[in-house]
Amino acid sequence: MKKSQIIHLLLCLLSILLLLEGITLAVEARAPFACNPKHAGARAYPFCQTTLPVAERVRDLIGRLTLPEKVSLLVDNAAAVPRLGIGSYEWWSEALHGVSNVGPGTRFGGKFPGATSFPQVITTAASFNTTLWEEIGRVVSDEGRAMYNGGMGGLTYWSPNVNILRDPRWGRGQETPGEDPVVAGQYAASYVRGLQGTDGDRLKVAACCKHYTAYDLDNWSGVDRFHFNAQVSKQDIVDTFDVPFRECVMAGNVASVMCSYNQVNGVPTYCDSVGVYYNKQHYTSTPEEAAADAIKAGLDLDCGPFLGIHTINAINRGLVTDNDVNNALTNTITVQMRLGMFDGPPSAQPYGHLGPADVCTPAHQELALEAARQGIVLLKNHGPSLPLSHIRHRTVAVIGPNSDVTVTMIGNYAGVACGYITPLQGIGNYAKTIHQQGCADVECSDDKLFGPAINAASQADATIIIMGLDQSIEAEFKDRTGLLLPGRQQELVSKVAAASRGPTVLVLMSGGPIDVSFAQNDPKVSAILWAGYPGQAGGQAIADVLWGTTNPGGKLPMTWYPQEYLNNLPMTNMAMRSGPGYPGRTYRFYQGPVVYPFGHGLSYTRFTHTIIDAPLEVMVPLDGRRKTNSSAIGKAIKVTHARCGQLSLSVQVDVRNAGSRDGPHTLLLFSRPPAGKWAPQKQLIAFERVHVPAGALQRVRVNIHVCKYLSVVDKAGVRRIPLGDHHIHVGDATHSISLKPETLGEIKS
């Protein structure tokens, strides 16, 4: 054997040994949470016997706990029970779009310097790709388990945020999947499945859908979330705010739900921090009453010390019982059992092999890049001016306060990214760049840096202006006051565009919508892209779209309103439907002018739609005990009176790529219910992302559950199926389906 071959073999062996050592160290860094074989008597405890049903193990453990021990487990930093060999545990970890160190349960350092930071949720939602959402969850849970095994993280993640983006000013809108309840619900179920895994009752990590319910105000005009009493109709609760949570629980089988901070119709939502509604909302006279009310209402875990301090006194005063506490512990300990925390050493469990080598892997980082590509939305393309040319656009001016940012790209509730590719770096991979910030930051309070930026634009073959917002403008505890670009950003864009020698492209980073009517109407602004907060590789994704390596396929998951929409529109008005002097909320109920509508998004190619097959008439079968005339009052059948079961209809749509470029396309299928006082003007009933080669045709079959997606909600909060013609449309293609009551259901083509 040659000397070079021997050296190569030794290096390979050394690499394998180092890898094995890394895995071993990662696993050994995490001692068993409970049921350690080295602990005297551990094997004798029934709660440690993995062959027993989980419910039996949970009952055994609770039966062994003293009252002080039980109460110490009702808070997020649950205490250890040394006499039973149970360790302490911090419940609060976050994984909104990657493992985060926002909660105290997770930290970075040592063998885990960072984790893959995916685009902010609002950006990923713009992909309308349920497969992508679940895959991101799977990667995040891989990295979360690896960090748990390495002693650096927890297994209970308080994510995702599935609140509805009702008001465009909300600082946390960036965390949500947007304004549509169907999209938010499907995002919730998909991401939760990715996080929790699909291994039966065993949990990979435990997810948590938040914040229940009707929460989308943080701090606006002197009103904060802790003191806000959201007045919400039963109709809007059922029709809008609760839809994502129902889907998260029913379809996603989520392990937990977090309550919100506000009151709803005068009653606290029993926030995960009980101290809020006692100390800030003054809902009860004593702390013991607050603790008792929370536990009896179904709160199992307090993010804070309140229950740990006041529950025993509440029991002594007869306000709550030991059995009530047992019920709460049954739920939390069951989750820990399902996570394998009572199964002994993590290394012996299904996910025990995961370690540092499974965090920030090339595949994970490539997925973060792909997610950003899929979420970018092309809002305007005059000419068309995009994609840019390698030949014609050799020198590019890169301008703007967000042109060379890093942490801005990952938004809030983020961790420490594996690394960053800024927009300037990404664009530099395609062309020579001339970089000028133009504004010192997104507040853009003066024009001191305008001159060099304008000069750069006059020298370049093309100009890319990267503007927008960051966490100083929109964030938790900080709602926006308006929808325009901050400070003098608009002025900078207009002056740079006027001076630009070549095409000018405006790229926007933001969570919420921005009124950029001035740029949409300015012929000197050739194209506009919205990148949201595109994650750690956002700069590369932006460049890939600008030069056409990626054909954009994102669609807006929220309406972009003009600034005038906010005139006399307080954030505190929770009504979804329009009324006299009130414009209504979201595309479902607002009918006024928009900058860009929900679902807007252009491509570098052109798609057409043809509805090939769909029923003309659907007979809705009624429960045998119901009379047709009494169940169809107001020409709408109560969903509870219909035999919903498998009552669904199929719509087949041909999507043709009539252009010269391969590309992705999101098919958005809407329904306009029969006219009535309950119905929205239209509602999304299905969506599907497909990839269609240039000149090709793809047939897409969509199944629509009648009771779930063709129903509306009346003023009493009752879901009903309107009888009559439902108008289905996708793009320019339309079709009418008549729903009729029938004792025996059938579908006639």
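Residues numbered from 1 in each chain as written. Predicted model: local features only at pLDDT ≥ 70, side-chain atom pairs only at ≥ 80, totals over all residues. Heavy atoms only, no water.

Enquirer: Before we go on, may I ask you to explain the overall build of the protein in this structure?
Expert: Of the regular secondary structure elements, the protein holds 21 helices and 27 strands. Compactness check: the protein gives a C-alpha radius of gyration of 28 Å against a globular reference of 27 Å for 749 residues, within 12% of the reference. With 749 residues in all, the protein has 61% of them scored as buried. Just so you have it, the protein exposes about 28300 Å², and 52% of that area is on carbon and sulfur atoms. (Helix = DSSP H or I, 4+ residues; strand = E, 2+ residues; numbered from the N terminus. Rg over C-alpha atoms; globule rule 2.2 N^0.38 Å. Buried < 20%, exposed > 50% of the residue type's maximum accessible area, 1.4 Å probe, protein only. Areas by Shrake-Rupley, 256 points an atom, 1.4 Å probe, with all protein chains shown as cover.)

Enquirer: Can you help me understand the layout of surface pockets in this one?
Expert: Vacant regions in the atomic arrangement are exposed by a probe of water-molecule size rolled over the atoms. Here the largest pocket defines a volume of roughly 800 Å³. Lining the largest pocket are 28 residues, with Val238, Val243, Arg246, Lys708 and Arg719 sitting closest to its centre. Elements with a contribution of two residues or more to the lining of the largest pocket: helix H6 (181-196), helix H7 (234-241), helix H8 (243-250), strand E21 (683-692) and helix H21 (706-709). Among the elements that take part in the lining of the largest pocket, H8 stands out by supplying six residues, more than any other. A class-by-class count of the residues in the lining of the largest pocket yields 15 nonpolar, five polar and eight charged. (1 Å grid on protein atoms, 1.4 Å probe; cavity = no way out; pocket = protein on both sides within 12 Å on 5 of 7 lines; lining within 4 Å. Points joined across faces, edges and corners; volume = space filled by probe spheres on them. Nonpolar A, V, L, I, M, F, W, Y, C, P; charged D, E, K, R; others polar.)

Enquirer: Teacher, can you tell me more about the state of the cysteines here?
Expert: Two cysteines joined by a covalent bond between their sulfur atoms form a disulfide. Summed over the entire model, instances satisfying the criterion amount to five disulfides. A sulfur-sulfur distance of 1.8 Å marks the disulfide that ties cysteine 209 to cysteine 248. Taking the sign of the S-S torsion, 75° for the link of cysteine 209 and cysteine 248, the bridge is right-handed. A residue pair is termed long-range when its members are at least 10 positions apart, and cysteine 209 in strand E3 (residues 208-212) and cysteine 248 in helix H8 qualify at 39 residues. In this pair, the class of cysteine 209 matches that of cysteine 248, namely buried. Each sulfur of the disulfide joining cysteine 439 and cysteine 444 lies 1.9 Å from the other. Cysteine 439 gets classed as buried once you look at its relative accessible area, which sits at 1%. When the bonded cysteines of the protein are counted from the start of the sequence, the pairing works out to 1-2, 3-4, 5-6, 7-8, 9-10. A disulfide-free cysteine, cysteine 208 has its sulfur positioned 7.1 Å from the sulfur of cysteine 209, the nearest such atom. Residue classification places cysteine 208 among the buried residues on the basis of a relative accessible area of 4%. (Disulfide = S-S within 2.5 Å.)

Enquirer: So what exactly am I meant to see when it comes to the nonpolar core here?
Expert: A general feature of soluble globular proteins is that nonpolar side chains tend to end up buried together. Counting residues in each nonpolar core, the largest one holds 132 residues, and the members touching the most others are Phe47, Ile86, Phe342, Leu669 and Ile704. Top contributing element to this core by residue count: helix H5 (residues 130-149), with eight residues. Residues contacting isoleucine 86, with those up to four places away along its chain left out, are Phe33, Ala34, Phe47, Leu61, Ala80, Val81 and Phe342. Counting 88 residues, the second-largest nonpolar core is a separate cluster that includes Phe226, Ile473, Ile542 and Tyr604. (Core = buried A, V, L, I, M, F, W, Y, C linked by side-chain atoms within 4.5 Å. Contact = heavy atoms within 4.5 Å.)

Enquirer: Help me out: how do you make sense of the pattern of salt bridges in this one?
Expert: Any two side chains of opposite charge can pair, so long as their charged atoms come close to each other. The final tally for this structure, using the stated rule, is 33 salt bridges. As a salt-bridge pair, arginine 138 and aspartate 142 come within 3.0 Å of each other at their nearest N and O atoms. Of this pair, arginine 138 and aspartate 142 are both found in helix H5, four residues apart, which corresponds to roughly one turn of the helix. In this structure arginine 138 comes out as partly exposed when scored by relative accessible area, which is 32%. Across the salt bridge formed by aspartate 167 and arginine 585, the nearest N and O atoms sit 2.6 Å from each other. Taken together, the residues aspartate 167 in the loop between H5 and H6 and arginine 585 in the loop between helix H18 (538-546) and helix H19 (586-589) connect sequence positions 418 residues apart. (Salt bridge = Lys/Arg side-chain N within 4 Å of Asp/Glu carboxyl O.)

Enquirer: Even after reading the chapter, I still don't get the side chain of serine 510, so can you show me in this structure?
Expert: Of note, serine 510 is situated in the loop between strand E14 (504-509) and helix H17 (517-520). Judged by its relative accessible area of 0%, serine 510 is buried. A distance of 3.0 Å separates polar atoms of two side chains, one belonging to serine 510 and the other to tryptophan 530. (Polar contact = N/O pair within 3.5 Å; in protein donor to acceptor, adjacent residues only side chain to side chain.)

Enquirer: What is the right way to read unusual backbone geometry from this model?
Expert: Note on backbone geometry: most residues besides glycine have negative phi, and most peptide bonds are trans. Cis geometry is found at the peptide bond from tyrosine 212 to threonine 213, where omega equals 5°. Within the secondary structure layout, threonine 213 lies in the loop between E3 and strand E4 (219-220). For the bond running from leucine 386 to proline 387, omega is 0°, close enough to zero to count as cis. One non-glycine residue, phenylalanine 128, lies in positive phi territory at about 50°. Tracing the backbone shows phenylalanine 128 in the loop between helix H4 (121-125) and H5. Residue classification places phenylalanine 128 among the buried residues on the basis of a relative accessible area of 1%. Phi at alanine 214 takes a positive value of approximately 50°, unusual for a residue other than glycine. Accessibility expressed as a relative area gives 2% for alanine 214, which makes it buried.

Enquirer: Got a minute to help me understand a nonpolar patch on the surface in this structure?
Expert: A cluster of nonpolar side chains, namely Tyr212, Val249, Met250 and Val257, defines an oily patch on the protein surface of about 360 Å² accessible area. Topologically, tyrosine 212 is positioned in strand E3. For tyrosine 212, a relative accessible area of 34% puts it in the partly exposed group. (Patch = residues over 30% accessible without salt bridge, like charges linked within 9 Å, V, L, I, M, F, W, Y side chains within 5 Å.)

Enquirer: Please clarify how empty space enclosed by the protein should be interpreted in this entry.
Expert: Applying the stated criterion across every chain yields a total of three cavities of 30 Å³ or more. If you add up the space inside the largest cavity, you get close to 130 Å³. By residue number, the principal contributor to the lining of the largest cavity is helix H12 (residues 322-338), which donates four residues. Looking at the lining of the largest cavity residue by residue, the class counts come to 12 nonpolar, three polar and no charged. There is about 40 Å³ of room inside the second largest cavity.

Enquirer: What am I meant to see in the packing of aromatic side chains here?
Expert: Applying the stated rule across the entire model yields 26 aromatic pairs. With a centroid separation of 5.0 Å and an interplanar angle of 10°, the aromatic rings of tyrosine 430 and tryptophan 547 are classed as stacked. A residue pair is termed long-range when its members are at least 10 positions apart, and tyrosine 430 in the loop between helix H14 (423-428) and strand E12 (432-436) and tryptophan 547 in the loop between H18 and H19 qualify at 117 residues. In this pair, the class of tyrosine 430 matches that of tryptophan 547, namely buried. On the basis of an interplanar angle of 15° and a centroid distance of 3.9 Å, the ring pair of tyrosine 561 and tyrosine 565 is categorised as stacked. Taken individually, tyrosine 561 and tyrosine 565 each receive the classification buried, so the pair is uniform in this respect. Here the aromatic cluster, defined as three or more aromatic residues joined through ring pairs, consists of Phe128, Trp133, Tyr187, Tyr191, Tyr587, Phe598, Phe670 and Phe687. Above the ring of phenylalanine 670, the side-chain terminus of lysine 682 is found at 4.2 Å from the ring centroid. (Phe/Tyr/Trp six-rings, centres within 6.5 Å; stacked < 30°, edge-to-face > 60°. Lys NZ or Arg CZ within 6 Å of the ring centre and 35° of its normal.)

Enquirer: I would appreciate a short explanation of helix H16 (residues 489-499) in the present structure.
Expert: Every α-helical turn comprises 3.6 residues, leaving residues that sit three or four positions apart pointing alike. What H16 keeps buried is the set Gln489, Leu492, Val493, Val496 and Ala497. For H16, the angular spread of buried residues about the axis comes to 125°, placing them on one side. Packed against the buried residues of H16 are strand E11 (395-399), helix H15 (450-459), strand E13 (462-468), E14 and H17. (Arc of directions from axis to C-beta.)

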